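Each chain is listed here by its residues.
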Amino acid sequence: MSRSERLLTLLQLLRGHRYAITGTALAQELGISLRTLYRDIATLQAQGAQIEGEAGIGYVLRPGFTLPPLMFSEEELDALVLGSRWVAEHADHILSAGARSALAKIEAVLPAEYRQQLQANTLLIGSYRTSQSTDETLLRGAIRQQRKVTLSYRDLKEARSERTVWPFALGYFDKVRVLMAWCELRQDFRHFRVDRIDHLQLEESPYPRSPALLLKEWRASQQIPQPGFIADRN
């Protein structure tokens, strides 16, 4: 790869790691010598990238550095288009508009040949929208704000109950949305189909644990592996 491509790849590797990664590991990922890596890091630092660390300890990229427009492979463009189109067709109107806006912003910064490839993408999503009346934007807001929610809920046997829950995640499936939450009544994690929520009220009181911590505990309770960073999985 060219040096400019290598510098962008190095930035991507650093962005994919929350903690310091050694120079040796970075050099191996890029297929270059340690000496070349040190020069590349010095070049990025001179251009304003807040890369902290030193040889023998490791390097980390601090937030706030804006990357220049990136080039995408065909598979990366397909993934972006397919994911955005799925959200645009299957999510509520707020997320749908957000997906279309995000895709338009990506298209605006692509070079002409990549923009043409994006516009000609042939991966299509079948149109389907749920008939649920519950506003998912309230649930997403409750998760972001770490607020309790009181639900009027009907289970699959049509039994009704009222629960005060700590919402921390929403699962998006083809035909249903599922709210993952800690239930104060059951003192345990519970799953609620959003289309079976007859009424919800956002409470003023916050819940005491962060959504990220609850999600981690829920994954452990369900024996679901914790996800790694994208850069670590590829």
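Keep in mind that what you see is a predicted model, and the values were worked out from it rather than measured.

## Quick look at the packing of helix α1 (residues 3-15) against helix α3 (residues 34-46)
- Contact geometry of α1 with α3 gives a least axis separation of 10 Å together with a crossing angle of 80°. The angle between the axes of α1 and α3 places the two elements in the roughly perpendicular class. Here α1 contributes Arg 3, Arg 6, Leu 7, Leu 10 and Leu 11 to the contact with α3, which in turn contributes Thr 36, Leu 37, Arg 39, Asp 40, Ile 41, Thr 43 and Leu 44.
- Across the contact of α1 with α3, the residue classes break down as six nonpolar, two polar and four charged.

## Brief notes about the pairing of strand β2 (residues 58-61)
- What you see with β2 is no split at all: Gly 58 and Val 60 on one side and Tyr 59 and Leu 61 on the other are buried throughout.
- Bridge count for strand β1 (residues 51-54) against β2 is four bridges, and the pairing is antiparallel. Each residue of the ladder has a partner; that of Ile 51, found in β2, is Leu 61.
- Between the end of β1 and the start of β2, which pair antiparallel, lie three residues, with Gly 56 showing a positive phi angle near 90°.

## What to know about the sheet that holds strand β5 (residues 177-183)
- As summarised here, the arrangement of the five strands in space is β6-β5-β4-β3-β7, forming an open sheet in which the pairing is antiparallel. The open sheet terminates on both sides in strands that have one partner only, identified here as β6 (188-193) and β7 (197-206). Across the sheet, the mean angle separating the axes of adjacent strands is 45° when strand polarity is ignored.
- Pairing between strand β3 (residues 147-154) and β7: six bridges, direction antiparallel. Looking at β7, one finds that Tyr 153 is bridged to Ile 197.

## Here we look at the pairing of β6
- Direction of pairing for β5 relative to β6: antiparallel, over a ladder of six bridges. Across the sheet, the residue bridging to Val 178 is Arg 193, located in β6.
- Counted along the chain from β5 to the antiparallel partner β6, the turn is four residues long, and its residue Gln 187 has a positive phi close to 50°.

## Focus: helix α2 (residues 23-30)
- Among the residues making up α2, those that are buried are Gly 23, Leu 26, Ala 27 and Leu 30. For α2, the angular spread of the buried residues around the axis is 100°, confining them to a single face. Seen from the buried face of α2, the exposed residues on the opposite side, beyond 90 degrees, are Gln 28 and Glu 29.
- For α2, the secondary structure elements touched by its buried residues are α1, α3 and β2.

## Let's talk about the pattern of salt bridges
- Going through the model one piece at a time under the given rule, you end up with 14 salt bridges.
- Note that Asp 92 and Arg 140 form a salt bridge whose closest N and O atoms lie 2.5 Å from each other. With a gap of 48 residues between them, Asp 92 in the loop between α4 (74-90) and α5 (93-109) and Arg 140 in helix α7 (residues 136-145) connect regions that are remote in the sequence.
- We classify Asp 92 as buried; its relative accessible area is 12%.
- A relative accessible area of 12% places Arg 140 in the buried class.

## A short note on the side chain of Asp 40
- Looking at the element boundaries, Asp 40 is found in helix α3.
- A polar atom in the side chain of Asp 40 sits 2.6 Å from the side chain of Arg 6.
- Excluding residues that lie within four positions of it along the chain, Asp 40 makes contacts with Arg 3, Arg 6, Leu 7, Leu 10 and Ile 32.

## Let's talk about the environment of Leu 30
- Relative to the assigned elements, Leu 30 resides in helix α2.
- Take Leu 30: its relative accessible area is 11%, and that puts it in the buried class.
- Each residue touching Leu 30, except ones within four places of it in the same chain, is listed here: Arg 6, Thr 9, Leu 10, Leu 13 and Leu 37.

What counts, and where the lines are drawn
- Residues numbered from 1 in each chain as written.
- Predicted model: local features only at pLDDT ≥ 70, side-chain atom pairs only at ≥ 80, totals over all residues.
- Heavy atoms only, no water.
- Axes fitted to C-alpha atoms, helices over the stretch in contact; angles between N-to-C directions.
- Helix = DSSP H or I, 4+ residues; strand = E, 2+ residues; numbered from the N terminus.
- Parallel < 35°, antiparallel > 145°, perpendicular 65-115°, else oblique.
- Contact = heavy atoms within 4.5 Å.
- Nonpolar A, V, L, I, M, F, W, Y, C, P; charged D, E, K, R; others polar.
- Buried < 20%, exposed > 50% of the residue type's maximum accessible area, 1.4 Å probe, protein only.
- Pairing = 2+ DSSP bridges.
- Arc of directions from axis to C-beta.
- Salt bridge = Lys/Arg side-chain N within 4 Å of Asp/Glu carboxyl O.
- Polar contact = N/O pair within 3.5 Å; in protein donor to acceptor, adjacent residues only side chain to side chain.

On their own, these measurements won't tell you what the molecule is for.
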